[in-house]
Amino acid sequence: MPLSDVLLRGDSLRKLVTLRNPHVLKQVREFIDLCKPSRVTVITDDPEEIEYVRKLALDQGEEQPLKMDGHTIHFDGYNDQARDKVHTAVLLPAGQRLSRGIVSVEWESGLREMRGLLDGVMKGREMLVRFFSLGPTDSRFSLCALQITDSAYVGHSEDLLYRSGYEEFNRLGGSRKFFTFIHSAGALDERNCSLDIEKRRIYIDFLDGKVYSVNNQYAGNSLGLKKLALRLAVYKANREDWLAEHMLVMGVHPPGKDRVTYFTGAYPSACGKTSTAMVPGQTIVGDDIAYLRADGEGNARAVNIESGIFGIIKDVNPEGDPLIYEALHSPRELVFSNVLIEDGVPYWQGMGRDPPGNGVNFSGDWWKGKTDDGGKEIPFAHSNARYTMRISELENADPHVNDPDGVIVQGIFYGGRDSDTNVPVCEAVSWEHGVYLGATIESETTSATLGQEGVRKSSPMANMDFLVVPLGIYLSNHLRFGRRLRNCPKVFATNYFLKHEGAYTNAIPDKKIWLLWAEGRVHGEYDAIKTPIGFLPKYRDLKELFRSVFDKDYTLENYHIQFSLRLDKYLEKVARMEEIFKPEPEMPKEFWEILSQLRAELEVLKAETKMAALAPEYFL
Ligand code: SPV
Ligand code: MN
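Residues numbered from 1 in each chain as written. Chains lettered and ligands numbered in written order. Predicted model: local features only at pLDDT ≥ 70, side-chain atom pairs only at ≥ 80, totals over all residues. Heavy atoms only, no water.

(A) Representation of the site of ligand 1. As a matter of local geometry, ligand 1 sits amid 11 residues, with Arg 83, Tyr 218, Lys 226, Lys 227 and Ser 269 nearest to it. Between ligand 1 and Arg 83, the relevant distance is 3.0 Å, taken from an oxygen atom to a side-chain nitrogen or oxygen of the residue. Look at ligand 1: alone it shows 280 Å² of surface, and the protein chains cover 97% of it. Of the residues belonging to the shell around ligand 1, the class tally is three nonpolar, three polar and five charged. (Near = heavy atom within 4 Å. Polar contact = N/O pair within 3.5 Å; in protein donor to acceptor, adjacent residues only side chain to side chain. Areas by Shrake-Rupley, 256 points an atom, 1.4 Å probe, with all protein chains shown as cover. Nonpolar A, V, L, I, M, F, W, Y, C, P; charged D, E, K, R; others polar.)

(B) Geometry of the environment of Lys 236. Along the chain, Lys 236 turns up in helix 9 (residues 224-239). Residue Lys 236 is classed as partly exposed on the basis of its relative accessible area of 22%. Considering only alpha carbons, one finds Lys 236 and Gly 209, 27 residues apart in sequence, at a separation of 9.1 Å. If sequence neighbours within four positions are ignored, Lys 236 has contacts with Leu 143, Phe 179 and Trp 242. (Helix = DSSP H or I, 4+ residues; strand = E, 2+ residues; numbered from the N terminus. Buried < 20%, exposed > 50% of the residue type's maximum accessible area, 1.4 Å probe, protein only. Contact = heavy atoms within 4.5 Å.)

(C) Highlighting the sheet that holds strand 19 (residues 334-337). Pairing is mixed in the open sheet, where five strands are placed in the order 2-3-19-24-18. One side of each edge strand has no neighbouring strand; the edge strands of this open sheet are strand 2 (64-65) and strand 18 (308-312). With five bridges connecting them, strand 18 and strand 24 (residues 386-390) associate as antiparallel partners. Counted as the bridge partner of Ile 312 is Arg 386 from strand 24. (Pairing = 2+ DSSP bridges.)

(D) Structural view of the nonpolar core. Grouped together as the largest cluster of nonpolar side chains are 157 residues, with contacts concentrated most on Leu 134 and Tyr 291. For Leu 134, the contacting residues outside a window of four places in its chain are Ser 142, Leu 143, Ala 145, Tyr 162, Phe 179, Leu 225, Ala 229, Tyr 291 and Ile 305. Membership of the second largest hydrophobic core comes to 34 residues, among which are Leu 16, Val 24, Phe 169 and Tyr 212. (Core = buried A, V, L, I, M, F, W, Y, C linked by side-chain atoms within 4.5 Å.)

(E) Region of interest: the coordination of the manganese ion (ligand 2). At the metal site, the manganese ion (ligand 2) is ligated by Lys 227 (NZ), His 246 (NE2) and Asp 288 (OD), and these contacts range over 2.1 to 2.4 Å. Counting along the primary sequence, the residues that act as donors to the manganese ion (ligand 2) give the motif K-x18-H-x41-D. Here Asp 288 lies in the loop between strand 15 (283-286) and strand 16 (290-294) and His 246 lies in the loop between strand 12 (243-245) and strand 13 (247-252), a separation of 42 residues in the sequence. Per residue, the accessibility class of His 246 equals that of Asp 288, and both read buried. (Donors = N, O, S within 2.8 Å, 3.2 Å for Na, K, Ca; no water.)

(F) Geometry of the pattern of salt bridges. Following the criterion strictly, the structure yields 53 salt bridges and no others. Put simply, Arg 200 and Asp 80 hold a salt bridge, and the shortest N to O gap is 3.1 Å. One end of the pair, Arg 200, is in the loop between strand 9 (178-184) and strand 10 (201-205); the other, Asp 80, is in the loop between strand 3 (71-74) and strand 4 (88-92), with 120 residues separating them in the sequence. One exposure class covers both Arg 200 and Asp 80, and it is buried. (Salt bridge = Lys/Arg side-chain N within 4 Å of Asp/Glu carboxyl O.)

(G) Geometry of unusual backbone geometry. Phi is positive for Ala 462, which is not a glycine, with a value near 55°. Along the chain, Ala 462 turns up in the loop between strand 28 (456-458) and helix 13 (471-484). Since its relative accessible area comes to 6%, Ala 462 is described here as buried. Although it is not a glycine, Lys 610 adopts a positive phi angle of roughly 55°. With respect to the helices and strands, the residue Lys 610 is situated in the segment after helix 18 (589-609).

This is how it looks when you write it as structure tokens:
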């Protein structure tokens, strides 16, 4: 008798059969027979069943309670602290292509390897079968997701980050239109961390709508609904007529004006996306992944497919992120990962408080001066340490967080991490130019992915890691999307990381000014200076904003440092972009037209002025 017949009985079987979906039943049976758990638990939307998962994470030692009520700590393995780009591969059927940097394995051999790794991987473990909705329930934006995992931490995190979707599956009416995620943490060490990290594999089968993930725990690799589902959604969106993006969604509320304007924003990992969505005085819809669709009136609408935040905790302090800092210091259901714990209290880098000299961290028992096998000193907390919590717990949660119709998007931000080229904020002159600005985001690498930090990388739409379609096709889909709209969002490029003489040119809270300026531009309230790189703010408007918002003097000298057009640097960037995009097939012609025009205009300015940079007033 197949193991699935032995294990799937009683309550669990009834819950599956009730869905009247042969595809769900078949897949659950298939993975029971392959992974061979000792127990299977099917969880519906019932809060008691969901609570069972939270308790299981504690009972199994995947999480430990902390001093503050509802807070827990989870540790990922020492070498499992970020997304693993090398071992995350697309299962590539014959005849399909992908863009640069996207790892692939041949479909059949990859699947064979994965089935080998999953064979018996859950022996002695409990398999959880979970149903989620990617997006608000009962919404045309949303997609159904089936998660099969042997990690209660994964299940618990997904309960904080996503909407429960058993009823959504019921509504599917037996259809195959859902994504499936199979995850196993694999063998665990004495700290309950994945042991066989060298056999960590994440394989994406976009044709079949399935992702397999094994021998890992870090959420970006293990939680199917996060970046794994984003890859499947990108494929789907590009075959249909919508966008699946690595984007925040937020309401911007200009002081003294009785209105809210919704923006989305794409920023590569660790470039200020969450802290933008959490700028004081604004409201958050989401901080990581959005689906955008056109409505019948020609608006772009967006939903957050998540309902929680898996945020970087480094540098969360009362000055830069007062709202999150407060949330992390009050009782609520919250999972910390990979911070330092001493006496039940969490400590992280940049929190504005000195850490104790010892405790427990991602390396086990930790003391100041502890070194790794290579002799390198181990920091007290990992720089990609995170917190996981529900957005609804935040006082700045937007009232439309769960609106099945989403919010109307009137502006889009693209932001990189760039120390020497882009101005802090500029506005695209057209939708096409906006797509160019998004496509040409560059970012100095951070600790959110494994590998060296601080290397300049091109990061189109901050979505490149997740592109399971060729870049040119993806950008063409963007162009078409905007052209179909009657009310096309305005597009802005931001850069919070510009440096001058080695120091950042802006304080962390200054991003609020760029948001408010962009919001005013959407409503036609500020004039701007037209330059080859786009529209720049006028000095007097920024001065007025700094005065009214922060009661701070914004000097002309600062304005010149921040908003001068660095001709040499922009020309270097154009040359880099040309090199990077040249090998991409099927790039939209609009991209090359904009690049050529930008270069021509910059070259003329350079020849005329012989300057390395030009003050914005030059263009008045
Ligand atoms: C990111 O790195 O972009 C994240 C966290 O949002 S992860 O889940 O790793 O993708
Ligand atoms: Mn992200």
